[in-house]
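Residue-level listing of the chains:
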Amino acid sequence: MLPLPSFPSREAVEAHLKSDPDIFRDYLLLPSFMQQELVDFCMGRQGLKITYDTVFRKIFDPDTDKGLKRLESLLSAIMGRPLKIIGVMPREGTQLAENASFVVMDVLVQLDDQSFANIEMQKIGYSFPLARADCYISDIIMRQYVSAKAELGSDFTFNDLHKVYGIILMEQSPGEFHKAAGHYIHKRKPVFDTGIYKDNPGLHEDIFLCLDSFHSNVHNVTKDSSELEAWLTFLSATDPLVIGALIEAFPCFAPIYQEIMEFAKDPKELIGMLSKELYIMDKNMERLMVSQLQEE
């Protein structure tokens, strides 16, 4: 197992932070649960949350070779087949924009079979995740349609459009997903009730993965675990014993954790990261409250 930071006590962590008054002031402004997370990480009691915006983006940055390979591996595990990303598509030009949302990362890639995958990491699942997913996928399909029409002109047919997969990972999933007890993967695709076109379900499919349900149902990772179970453990585990078991069963995760340790080895760096997360959380809670009031 990789060594976690090992400050001997909370006092030692805070003494280190006090060497920079501005940093210590920011630490004191953090809510108590974030202060405790920081102290526990610095004392080696728990790992760093992979779902924090800064950490998640660093690990899966599609603009770097290793980030792209990790994204390929995660997508292959989710979709149950080997695949290769042949392009990262710009999100500029989308008709949908959210100045404040619970989305940590939102990336659109094209796969080697020409299909597209839109991958999102959500801290808190939306009240209406299906409607939102439909809007986002429809937007991507329309962008594809406009591009294909411009390129092919009169030779265009709707068969020139490629499928779009919406893949949504949720750290905290809405209550509706918990009604299917024991399930943490939910797949959706349009089908006819008569069974026709069953081998051609249209241009979009959705895969929702609930990290909270997974964490509640899968407690041990071994060499016999699937690649998907390994990746979901990586995304949801902070217990050092679980992290150690994951690395023992799947050594390929060791370099990623080493990178995280290097990235977060100084508590002062973590303060800046947590301060940014707190700002995002505040904006998200404001947005959620407005949304709930509108529903009421």
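These figures come from a predicted structure and were not determined experimentally.

> Describe the overall build of the protein, listing the residues and the values that go with them.
Along the protein, the regular secondary structure elements total 11 helices and six strands. Among the 296 residues that make up the protein, the fraction classed as buried is 46%. Taking the intrachain contacts of the protein between residues at least 6 apart in sequence as the baseline, contacts between residues at least 24 apart amount to 68%. By element, 55% of the accessible surface of the protein is carried by carbon and sulfur atoms, the whole surface being about 15,600 Å².

> Any details on the packing of aromatic side chains? Residues and values, ideally.
Counting across every chain of the model gives 14 aromatic pairs. Among the aromatic residues, ring-to-ring pairing joins Phe56, Phe60, Trp231, Phe234, Phe250, Phe253 and Tyr257 into one connected group. Sitting above the plane of the Tyr136 ring, Arg132 keeps its charged end 4.2 Å from the centroid.

> Go over helix 5 (residues 65-79), please, and point to the residues and values.
With 15 residues, helix 5 ought to run about 21 Å at 1.5 Å a step, and its terminal C-alpha atoms sit 21 Å apart, in line with that. Within the span of helix 5, buried status applies to Gly67, Arg70, Leu71, Glu72, Leu74, Leu75, Ser76, Ala77, Ile78 and Met79. One or two steps after helix 5, the chain reaches Gly80, where phi turns positive at roughly 70°.

> Outline the confidence of the model for the protein, listing residues and values.
Of the residues in the protein, 86% have a pLDDT of 70 or more, and the chain-wide mean is 85. Looking at the elements of the protein, mean pLDDT is at its lowest for helix 11 (residues 267-295), recorded as 64, and at its highest for helix 8 (residues 227-236), recorded as 96.

> Provide a residue-level description of the packing of helix 1 (residues 10-18) against helix 3 (residues 32-42), including the pertinent values.
Close contact between helix 1 and helix 3 brings their axes to 9 Å; oriented N to C, the two are set at 105°. On the basis of the axis angle, helix 1 is roughly perpendicular to helix 3. Of the residues in helix 3, those in contact with Arg10, Val13 and Leu17 of helix 1 are Gln35, Gln36, Leu38, Val39 and Cys42. The residue inventory of the contact of helix 1 with helix 3, partitioned by class, reads five nonpolar, two polar and one charged.

> Report on the pattern of salt bridges, specifying residues and quantitative values.
Counting across every chain of the model gives 16 salt bridges. With its nearest N and O atoms 3.7 Å apart, the salt bridge here joins Lys49 to Glu37. Of this pair, Lys49 sits in the loop between helix 3 and helix 4 (53-59) while Glu37 sits in helix 3, placing them 12 residues apart in sequence. Between Arg57 and Asp53 there is a salt bridge whose closest N-O contact spans 3.0 Å.

> Requested: an account of the side chain of Glu14, with residues and values cited.
Summarising the element assignment, Glu14 is placed in helix 1. Polar side-chain contacts of Glu14 include one of 2.7 Å to the side chain of Tyr27.

> Tell me what's going on with unusual backbone geometry, and back it up with residues and numbers.
Located in the positive-phi region is Gln114, a residue other than glycine, with phi close to 75°. By the secondary structure assignment, Gln114 is in the loop between strand 2 (103-111) and strand 3 (116-124). For Gln114, a relative accessible area of 34% translates into the label partly exposed. With phi around 55°, Tyr197 is a residue other than glycine that occupies positive phi space. Within the secondary structure, Tyr197 sits in the loop between strand 5 (185-188) and strand 6 (204-210). Residue classification places Tyr197 among the exposed residues on the basis of a relative accessible area of 56%.

> How would you explain the packing of helix 1 against helix 2 (residues 21-29) if you had to name every residue and give the values?
Contact geometry for helix 1 and helix 2: axes closest at 7 Å, N-to-C directions at 130°. One finds that helix 1 runs oblique with respect to helix 2. Between helix 1 and helix 2, the residues in contact are Arg10, Glu14, Leu17 and Lys18 and Pro21, Ile23, Phe24 and Tyr27, respectively. Here the contact of helix 1 with helix 2 is built from residues that sort into five nonpolar, no polar and three charged.

Thresholds applied
Residues numbered from 1 in each chain as written. Predicted model: local features only at pLDDT ≥ 70, side-chain atom pairs only at ≥ 80, totals over all residues. Heavy atoms only, no water. Helix = DSSP H or I, 4+ residues; strand = E, 2+ residues; numbered from the N terminus. Buried < 20%, exposed > 50% of the residue type's maximum accessible area, 1.4 Å probe, protein only. Contact = heavy atoms within 4.5 Å. Areas by Shrake-Rupley, 256 points an atom, 1.4 Å probe, with all protein chains shown as cover. Phe/Tyr/Trp six-rings, centres within 6.5 Å; stacked < 30°, edge-to-face > 60°. Lys NZ or Arg CZ within 6 Å of the ring centre and 35° of its normal. Expected span 1.5 Å × (residues − 1). pLDDT = per-residue confidence, 0-100. Axes fitted to C-alpha atoms, helices over the stretch in contact; angles between N-to-C directions. Parallel < 35°, antiparallel > 145°, perpendicular 65-115°, else oblique. Nonpolar A, V, L, I, M, F, W, Y, C, P; charged D, E, K, R; others polar. Salt bridge = Lys/Arg side-chain N within 4 Å of Asp/Glu carboxyl O. Polar contact = N/O pair within 3.5 Å; in protein donor to acceptor, adjacent residues only side chain to side chain.

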